[in-house]
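Structural features, examined
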Amino acid sequence: GDSVTQMEGPVTLSEEAFLTINCTYTATGYPSLFWYVQYPGEGLQLLLKATKADDKGSNKGFEATYRKETTSFHLEKGSVQVSDSAVYFCGSAPNAGGTSYGKLTFGQGTILTVHP
Amino acid sequence: TGVTQSPTHLIKTRGQQVTLSCSPISGHRSVSWYQQTPGQGLQFLFEYFSETQRNKGNFPGRFSGRQFSNSRSEMNVSTLELGDSALYLCASNGLAGASYEQYFGPGTRLTVT
């Protein structure tokens, strides 16, 4: 079945450092890929997404590029802030027309802590 | 308005049953449920569309759900076990181009003692 693997955490950075969180996937067909962020005590918020190969999703300074050849969707940010401290989840889902509607497969999550 | 879930927290005893509620974004007809635990992460429970369960994860039959004509959804867990303690997240699903986007509620924190 489909699976998503994220780099092990936790990740601790100083403010303004560069962030990379690795994510690779296995899936049948060509899924859509997502990054979600979860702040303490809250649900998941969609951060960015990409629906086909070579698409780049971006939001709030975060970026991720859908790489079909390496089955990856790594999350990057050039300069992190303390407010970026949260848990980040990579996810995949079949595109509309697939047989697994409404099912996101998530990675295990990466805890990011940014210090001033 | 976003996705709402109720209750926010609840505490139950082993063997009891519990019902959780989710109201999706207006116009969304698909709702998914997930269980989040520190050990297992986020796991898919089931998905409903227009009152029909379309997809189901690998959970025992004690976990069930339903959806009403107004798209609101409930999930039920019977004969609660300690391992059912988790954050239960509901997602409201809407088509965005060729893919679904899922918008999550704040979750219901269930503690089983």
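This report concerns the structure included in the present document.

About the cut-offs
- Residues numbered from 1 in each chain as written.
- Chains lettered and ligands numbered in written order.
- Predicted model: local features only at pLDDT ≥ 70, side-chain atom pairs only at ≥ 80, totals over all residues.
- Heavy atoms only, no water.
- Helix = DSSP H or I, 4+ residues; strand = E, 2+ residues; numbered from the N terminus.
- Phe/Tyr/Trp six-rings, centres within 6.5 Å; stacked < 30°, edge-to-face > 60°.
- Buried < 20%, exposed > 50% of the residue type's maximum accessible area, 1.4 Å probe, protein only.
- Pairing = 2+ DSSP bridges.
- Contact = heavy atoms within 4.5 Å.
- Buried area = accessible area lost by both parts, 1.4 Å probe.
- Salt bridge = Lys/Arg side-chain N within 4 Å of Asp/Glu carboxyl O.
- Polar contact = N/O pair within 3.5 Å; in protein donor to acceptor, adjacent residues only side chain to side chain.
- Nonpolar A, V, L, I, M, F, W, Y, C, P; charged D, E, K, R; others polar.
- Disulfide = S-S within 2.5 Å.
- Axes fitted to C-alpha atoms, helices over the stretch in contact; angles between N-to-C directions.

Before going further, it helps to spend a moment on unusual backbone geometry. All names here are of chain B. At the junction of Ser6 and Pro7, the peptide bond is cis and its omega measures out at -5° in the coordinates. Along the chain, the position of Pro7 falls in the loop between strand 1 (4–6) and strand 2 (9–12). The backbone of Ser71 sits at a positive phi, close to 80°, despite the residue not being glycine. Residue position: Ser71 is located in the loop between strand 7 (63–67) and strand 8 (73–77).

Inspection of every chain in the model, using the stated rule, returns twelve aromatic pairs over all chains. When the ring of Phe106 of chain A is compared with that of Tyr34 of chain B, the centres are 5.6 Å apart and the planes differ by 75°; the resulting orientation is edge-to-face. With Phe106 of chain A in strand 11 (residues 105–106) and Tyr34 of chain B in strand 4 (residues 30–37), the pair connects residues from two separate chains. Accessibility assignment for this pair places Phe106 of chain A and Tyr34 of chain B in one class, buried. Put simply, the rings of Phe34, Tyr36, Phe89 and Phe106 of chain A together with Tyr34, Phe44 and Phe104 of chain B touch in pairs and so form one group of aromatic residues.

Right, let's get into the pairing of strand 10 (residues 86–93) of chain A. All names here are of chain A. Of all eight residues making up strand 10, seven are buried, and the element is well covered by its neighbours. One ladder, built from seven bridges, connects strand 5 (residues 32–38) with strand 10; its direction is antiparallel. Each bridged residue has a counterpart across the sheet, and for Ser32 the counterpart in strand 10 is Ala93. Pairing geometry for strand 10 and strand 12 (residues 110–115), over three bridges, is antiparallel. By the bridge assignment, Ala86 is partnered in strand 12 with Leu112. By the bridge criterion, two bridges tie strand 10 to strand 11 in an arrangement that is antiparallel. Across the sheet, the residue bridging to Ser92 is Thr105, located in strand 11.

Let us now look at the interface of chain B and chain A. With 21 residues of chain B at the contact, the number on the chain A side is 20 residues. Summed over both partners, the interface of chain B with chain A buries about 1,700 Å², with 57% contributed by carbon and sulfur atoms. Joining chain B to chain A, the criterion identifies one salt bridge. Two residues, Lys49 of chain A and Glu101 of chain B, come together in a salt bridge whose shortest N-O distance is 2.8 Å. At the surface where chain B touches chain A, the tally comes to four residue pairs in polar contact (both at pLDDT 80 or more). Residue assignment for the side of chain B that touches chain A shows that the elements contributing at least two residues are strand 4, strand 5 (41–49), strand 6 (52–56), strand 9 (86–96) and strand 10 (99–104) of chain B. When grouped by side-chain class, the residues that make up the side of chain B that touches chain A number eleven nonpolar, seven polar and three charged.

It is worth spelling out the state of the cysteines at this point. Put plainly, a disulfide is one covalent bond tying together the sulfur atoms of two cysteines. Residue and element names in this part refer to chain B. Under the definition given, this model contains two disulfides over all chains. The disulfide partner of Cys22 is Cys90, and the gap between their sulfur atoms is 1.7 Å. Across the S-S bond of Cys22 and Cys90 the torsion is about -50°, and the bridge reads as left-handed. Of this pair, Cys22 sits in strand 3 (residues 18–23) while Cys90 sits in strand 9, and the two are 68 residues apart along the sequence. The two residues Cys22 and Cys90 agree in class, both being buried.

All names here are of chain B. In this structure, Asp84 sits in the loop between strand 8 and strand 9. Owing to a relative accessible area of 4%, Asp84 belongs among the buried residues under this scheme. Here the side chain of Asp84 touches Glu81 through a polar contact of 2.8 Å, landing on its backbone nitrogen. Leave out the neighbours within four places in its chain, and Asp84 touches Gln35, Arg62, Phe63, Val77, Thr79, Leu110 and Val112.

This part is about the sheet that holds strand 3 (residues 19–21) of chain A. Residues and elements named next belong to chain A. The strand order across the open sheet built from four strands is 3-9-8-7, with neighbouring strands paired in antiparallel fashion. Whereas interior strands pair on both sides, the edge strands pair on one side only; in this sheet they are strand 3 and strand 7 (56–59). The mean inter-strand angle of the sheet, taken between neighbouring strand axes irrespective of direction, is 15°.

With that out of the way, let us pick up the sheet that holds strand 1 of chain B. All names here are of chain B. With respect to topology, four strands assemble into an open sheet ordered 1-3-8-7, the strand pairing being antiparallel. Edge positions in the sheet fall to strand 1 and strand 7, since each of these pairs with one other strand and no more. The average undirected angle you get between the axes of adjacent strands in this sheet is 20°.

Everything listed here is a matter of coordinates, which is why it stays silent on function.
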